[in-house]
Amino acid sequence: DRVIFTASDDPETAHVWMWSPDEGAVRLTEGPGVHAVEAADDVAVITSSTVDASPRSRVRRGDAVLAELRSNAEEPVLHAAPTFLRAGARELRTALLLPNGSEPDEPLPVLLDPYGGPLHQRVVRSRDRYLESQWFADQGFAVLVADGRGTPGRGPAWEREIHRNVLGPVLQDQVDALHAAAERFDFLDLSRVAMRGWSFGGELSAAAVLRRPDVFHAAVVGAPVTDPRLYDTHYTERYLGHPDDDPEAYRRNSLLGDAPNLERPMLIIHGLADDNVVVANSLRLSRALLEAGRPHLFLPLSGITHMAAAEEVAENLLLLELNFLRDALGLS
């Protein structure tokens, strides 16, 4: 007779609710954060993540808290301190991270650090989502994370805004978030702007320097989809339709034809064992850039799949990205 579910009227948060015929919908969690639940019979385990503390898991039966599950995870050495804002006319959910969480006395180069694509949000009230972004901020960047059209949490119409044109609206929303943030925070240096990303975020980073070099001055492009024909059909056709029915949508969302436009530093990174976004995507982009006479850097990761999970690889990859960005923006 009960249904337990997660829902929210704010895309930055998620709350746990219980519905019953007698009481209707009752919210079981409090405070801004991302609350998740696993339930069976009359027992529920609710895990709450906030921007201020480590995730906590509590076992509940009805209104009673039976126990708190102990976490043995190490505490992060970083303190992520995002400032949340709603940017531009579309009120894009955006987070800004600054060195040591403090506003600077001088202009800061800007690093956009989005995912930006369907099925995944970056801007939520959960500390662990911002640790890597905070690390880059602590190296001397103002790091901007924005969720634009197509991301979850704002209803079906918002997600359908990218139908048949995935890259166009998403990239424009990143530009709009950047400019709106710069109007509010005058220490953002728009003459030194880079983007980094992985998977869809890598695709978006490549599009940033290929299609908007007037805004973006460097890009770290991790495991990007560069031609939608090279990605899973069940995903691609959901957004672009069948390639025989709308070949223009596939051309519009391919980066290969943009290769001659590259005039900014680009670092492409791809795992050679990637079974999600196959390495052919980056190889074809690199070849198109070479054929167009456009210098770029390409780092193949031997034995690495879609994400660099090995600690020694992940750590040194971040350092390599940092050095590339410093060189590309003239910070070295």
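A. Here's a closer look at the overall build of the chain. Check the secondary structure of the chain and you find eight helices and 15 strands. Over its C-alpha trace the chain gives a radius of gyration of 21 Å, about what one expects of a compact globule, namely 20 Å for 332 residues. On the principal axes, the C-alpha backbone points of the chain span a range of 70 × 55 × 45 Å. Across the 332 residues in the chain, those meeting the buried criterion constitute 49%. A separation threshold of at least 6 residues defines the contact pool for the chain, and within that pool the share at least 24 residues apart is 65%.

B. Representation of the packing of aromatic side chains within the structure. One pass over the full model with this rule turns up six aromatic pairs. Seen in terms of ring centroids, Y231 and Y235 are 5.3 Å apart; in terms of plane orientation they differ by 90 degrees. Their pairing is edge-to-face. When the ring of Y235 is compared with that of Y239, the centres are 5.1 Å apart and the planes differ by 55 degrees; the resulting orientation is tilted. Within this pair, Y235 and its partner Y239 are both found in helix 5 (residues 233-240), separated by four residues, close to a single helical turn. Looking at Y239, the relative accessible area reads 9%, which means it is buried. Positioned above the aromatic ring of F84, the side-chain terminus of R125 is 4.0 Å from the ring centre.

C. Focus on the sheet that holds strand 9 (residues 92-97). Across the sheet, which stays open at both edges, the eight strands sit in the order 8-9-11-10-12-13-14-15 with mixed pairing between neighbours. Both outer strands of the open sheet, strand 8 (83-87) and strand 15 (297-301), are each paired with one neighbouring strand and no more. Along the sheet, successive strands turn relative to each other by an average axial angle of 20 degrees, direction set aside. Relative to strand 15, strand 14 (residues 266-271) is paired through five bridges, and the arrangement is parallel.

D. Focus on the sheet that holds strand 4 (residues 34-40). Pairing is antiparallel across the open sheet formed by four strands, whose spatial order is 4-5-6-7. Either end of the sheet is taken by a strand with one partner, and the two such strands are strand 4 and strand 7 (64-69). The average undirected angle you get between the axes of adjacent strands in this sheet is 25 degrees. Across seven bridges, the pairing between strand 4 and strand 5 (residues 43-49) is antiparallel. Looking at the pairing, V37 lines up with I46 of strand 5.

E. Fine view of helix 8 (residues 311-328). With 18 residues, helix 8 extends 26 Å between its outermost C-alpha atoms, agreeing within 8% with the 26 Å of an ideal straight helix rising 1.5 Å per residue. Of the residues making up helix 8, those classed as buried are L317, L318, E321, L322, F324 and L325. Buried positions in helix 8, seen along its axis, are confined to an arc of 165 degrees and lie on one side of it. Exposed and facing more than 90 degrees away from the buried side of helix 8 are E312 and D327. Contact partners of the buried residues in helix 8: strand 10 (108-112), helix 1 (131-138), strand 12 (188-198), strand 13 (218-222), strand 14 and strand 15.

F. Focus on the pattern of salt bridges. Under the defined criterion, the tally for this structure stands at 22 salt bridges. A salt bridge links D128 to R127; the nearest nitrogen and oxygen atoms lie 2.9 Å apart. Relative accessible area serves as the criterion here: at 39%, D128 is assigned to the partly exposed category. Ionic pairing is found between E291 and R287, a salt bridge with its closest N-O pair at 2.8 Å.

G. Broad picture of the pairing of strand 10. Burial analysis of strand 10 places five of its five residues in the buried class, which makes it a mostly covered element. Here strand 10 runs beside strand 12; their pairing, made up of five bridges, is parallel. Following the sheet pairing, L108 is matched in strand 12 by L188. Sheet analysis places strand 10 next to strand 11 (residues 142-147), joined by three bridges and oriented parallel. Bridge assignment links V110 to a residue of strand 11, and that residue is A142. Crossover strand 10 to strand 11 through helix 1 is right-handed.

H. Inspection of the packing of helix 1 against helix 8 at higher detail. Closest axis-to-axis distance for the helix 1/helix 8 pair is 11 Å, and the angle between their directions is 45 degrees. Taken together, the axes of helix 1 and helix 8 are oblique relative to one another. In this structure, helix 1 meets helix 8 at a crossing whose hand is right-handed. Contact residues: E132, W135 and F136 in helix 1; L318, L319, E321, L322 and L325 in helix 8.

I. Highlighting the environment of R56. As for its position among the elements, R56 is in strand 6 (residues 56-61). Residue class for R56 comes out partly exposed when judged on its relative accessible area of 37%. For the pair formed by R56 and G241, sequence separation is 185 residues and the distance between their alpha carbons is 42 Å. Beyond its immediate sequence surroundings of up to four residues, R56 is in contact with I46, T47, S48 and E68.

J. Local environment of the side chain of Q121. Structurally, the position occupied by Q121 is in the loop between strand 10 and helix 1. Residue Q121 is classed as buried on the basis of its relative accessible area of 18%. Among the polar contacts listed, one links the side chain of Q121 to the backbone oxygen of P11, at a separation of 2.7 Å. Apart from residues lying up to four places away in sequence, Q121 is in contact with P11, R129, D147, P152 and G153.

The rules we used
Residues numbered from 1 in each chain as written. Predicted model: local features only at pLDDT ≥ 70, side-chain atom pairs only at ≥ 80, totals over all residues. Heavy atoms only, no water. Helix = DSSP H or I, 4+ residues; strand = E, 2+ residues; numbered from the N terminus. Rg over C-alpha atoms; globule rule 2.2 N^0.38 Å. Buried < 20%, exposed > 50% of the residue type's maximum accessible area, 1.4 Å probe, protein only. Contact = heavy atoms within 4.5 Å. Phe/Tyr/Trp six-rings, centres within 6.5 Å; stacked < 30°, edge-to-face > 60°. Lys NZ or Arg CZ within 6 Å of the ring centre and 35° of its normal. Pairing = 2+ DSSP bridges. Axes fitted to C-alpha atoms, helices over the stretch in contact; angles between N-to-C directions. Expected span 1.5 Å × (residues − 1). Arc of directions from axis to C-beta. Salt bridge = Lys/Arg side-chain N within 4 Å of Asp/Glu carboxyl O. Right-handed = clockwise from strand over helix to strand, strands pointing away. Parallel < 35°, antiparallel > 145°, perpendicular 65-115°, else oblique. Left-handed = near helix turned anticlockwise from the far one by under 90°. Polar contact = N/O pair within 3.5 Å; in protein donor to acceptor, adjacent residues only side chain to side chain.

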